[in-house]
Structure formats: structure tokens, C-alpha cells
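# Chain and residue survey
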Amino acid sequence: MTFFGIIITVYGLSYSRLALLLYGGRKLADSEATFLLQMYCPYIYVCGINGVTEAFFFAIMSQVEVERHNLRLLGFSLLFLALSLCLSYMFGTVGFIFANIANMIIRISFSIKYITEFYDTIDMVYRMIPNIPEIMLITVCGSTALLSKFVLEVIADSVLGYICHIIIGCLSITLVLQYTWMAEDTSFKLFIKSILPNRIRDKLE
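Residues numbered from 1 in each chain as written. Predicted model: local features only at pLDDT ≥ 70, side-chain atom pairs only at ≥ 80, totals over all residues. Heavy atoms only, no water.

### Considering the overall build of the protein chain
This is how the line gets drawn: Helix and strand assignments come from DSSP, with helices taken as H or I runs of at least 4 residues and strands as E runs of at least 2, each series counted from the N terminus. Think of it in three bands: with a 1.4 Å probe and only protein chains considered, a residue is buried below 20% of the maximum accessible area for its type, exposed above 50%, and partly exposed in between. Here, Shrake-Rupley sampling with a 1.4 Å probe gives the accessible areas, and only protein chains in the shown set may cover a residue.
Tallying secondary structure elements over the protein chain gives 10 helices and 0 strands in all. Listing each helix as α and each strand as β along the protein chain from the N terminus yields α-α-α-α-α-α-α-α-α-α. Across the 205 residues of the protein chain, 37% fall into the buried class. Accessible surface, the protein chain: about 12400 Å² in total, of which carbon and sulfur atoms supply 72%.

Shown next, in the form of C-alpha cells:
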């Protein structure tokens, strides 16, 4: 599922402007909103990882450790506030998203540290890292989507260019989903089946 989250982030970076163009027109797409939406994609991704790791983290802690960690969360909040002030001053509105991403990464790191100490192994950390075929697929798909964005969306800037950009995205995401379906664990398959109509779900089974 980590690999799937990275893919969503990659395509979010490449297709944010097109989504805003279709939603609110050229004025919205050419504003700062495009960059904000692009940066929001990795933020949602790290939020998802933080949610899973902290949920597991809290599940294995004792009551005393939970109370102690609540004090740490207060420290994380103060750190987030300081980062928000500094990064917003340096980068403007998007600095607030940068601060959120940094805060989530710090909390994820702390949770993973505790979990690895609890199990006395780092196997779970390795499982979160994409393998070589996945990295290659991410690189190819990400590069293709970004190249398509700059050549067909930015340089050509025509209806035909946008249509080609969408077609390229659909073809590459189909390849990604096919690979993910074959290579990922059952949790991904269960998630896909849960959102499909019963008729299609029965055929897959």
C-alpha cells in the first residue's frame, strides 16, 4: 500500500494543474493553487502513514506510556507551530503545508523507532520501502507523466495537448494498477474489491 500511495502522489503532482483547469478554469489553474494542490498530495500520503503507525503505536503502549506520549504530542504541536511561522514567512502559504509534512515525518520516525524497539527488528521498515521493480515503475511512470505535463500541457497548451496528456496518464495508470494488482498484498485487492460493484467483484473472484 506504500507503493500505491507513492503512485497517487506522483500522479497528483503531474495532474494537479489539469484538475484545477477543469474545475475552475485557467485563472485558478495558473494561480498559486496548483502548487498548493501539488504539495498537498505528499502531505496526504505522509498523513496516511502517520495514521497507521501511530494507531499501532498507541495499541502497544501501556497507559503510563500513553500519558507520557501525550506530553510529547504537546512538544510536537509547539514544534509544528514554530515550523509554520518560519516556513510560512519564507515560502508563503505553501510553507504551512511544508510544516505539516515535516511534523508528520517527525511523528512517523518516532513511531517507527518505538515499534522497531518493541519487536526488536526493522523488518517492518523494509516492507514500507518499495522494491527495485516498484522503484523502476515509479521512475518510468513519474517521468512519463511529468514529461507529458511539460510538453503537452505547458508547451503545447492546447485542447489536443490536454487530451493527449489525459490519454498518457490513463495508459500509464492502467499499467501501474495491473502491476499493483499482481504484486501487492491482499489488502490492496480487498480495498479494490470493496469499491467495485457486486457484479464486477463476483467476476474477479
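After that view, the rundown keeps rolling.
### Here we look at the packing of helix H3 (residues 33-60) against helix H4 (residues 63-91)
Inclusion rule: Here an axis means a line fitted to C-alpha atoms, over the contact stretch when the element is a helix, while the angle between two N-to-C directions is reported on a 0 to 180 degree scale. The contact rule is simple, with two residues in contact once any of their heavy atoms fall within 4.5 Å. Residue polarity is assigned by list, with Asp, Glu, Lys and Arg as charged and Ala, Val, Leu, Ile, Met, Phe, Trp, Tyr, Cys and Pro as nonpolar; anything else, Gly included, falls into the polar class.
Here H3 crosses H4 at 145°, and the two axes come no closer than 9 Å. Of the residues in H4, those in contact with Glu 54, Phe 57, Phe 58 and Ile 60 of H3 are Glu 65, Val 66, His 69, Asn 70 and Leu 73. Residue composition of the contact of H3 with H4, grouped by class: 5 nonpolar, 2 polar and 2 charged.

### What to know about the side chain of Ser 84
Within the fold, Ser 84 resides in helix H4. Apart from residues no more than four positions distant in its own chain, Ser 84 is found in contact with Phe 96 and Ala 99.

### Quick word on the packing of aromatic side chains
The geometry of an aromatic ring pair comes down to the distance between the two centres and the angle between the two planes. The test is simple: Here a pair means two rings of Phe, Tyr or Trp (six-membered ring of Trp) with centres within 6.5 Å. Their orientation is stacked below 30 degrees between planes, edge-to-face above 60, and tilted elsewhere.
Overall, the coordinates contain 8 aromatic pairs when judged by the stated rule. Ring centres 5.4 Å apart and planes at 55° place the aromatic pair Tyr 40 and Tyr 43 in the tilted group. Here the residue Tyr 40 and the residue Tyr 43 both occupy positions in helix H3, the gap between them amounting to 3 residues, near one helical turn. Since its relative accessible area comes to 16%, Tyr 43 is described here as buried.

### Topic: the packing of H4 against helix H5 (residues 94-119)
The axes of two packed helices give the description: the angle between them and the distance between them. As a reminder of what qualifies: Here the word oblique covers every angle except those under 35 degrees (roughly parallel), over 145 (roughly antiparallel) and from 65 to 115 (roughly perpendicular). Each crossing gets its handedness from the near helix: less than a right angle anticlockwise from the far helix is left-handed, clockwise is right-handed.
With their axes 8 Å apart at the nearest point, H4 and H5 run at an angle of 150° to one another. Classed by the angle they form, the pair H4 and H5 counts as roughly antiparallel. In this structure, H4 meets H5 at a crossing whose hand is right-handed. Within the contact between the two elements, H4 uses Glu 65, His 69, Arg 72, Leu 73, Phe 76, Leu 79, Phe 80, Leu 83, Ser 84, Leu 87, Ser 88 and Phe 91 and H5 uses Val 94, Gly 95, Phe 96, Phe 98, Ala 99, Asn 100, Ala 102, Asn 103, Ile 106, Arg 107, Phe 110 and Tyr 114.

### A few points about a nonpolar patch on the surface
Applied cut-off: Nonpolar side chains (Val, Leu, Ile, Met, Phe, Trp, Tyr) within 5 Å and like charges within 9 Å form the patches, drawn only from residues with over 30% relative accessible area and no salt bridge. Whenever a carboxyl oxygen of Asp or Glu lies within 4 Å of a side-chain nitrogen of Lys or Arg, that contact is scored as a salt bridge.
Together, Leu 146, Leu 147, Phe 150 and Val 151 give the surface a local cluster of nonpolar side chains, amounting to about 360 Å² of exposed area. As for its placement among the helices and strands, Leu 146 is situated in helix H7 (residues 132-155). On the accessibility criterion, Leu 146 (36% relative accessible area) is partly exposed.

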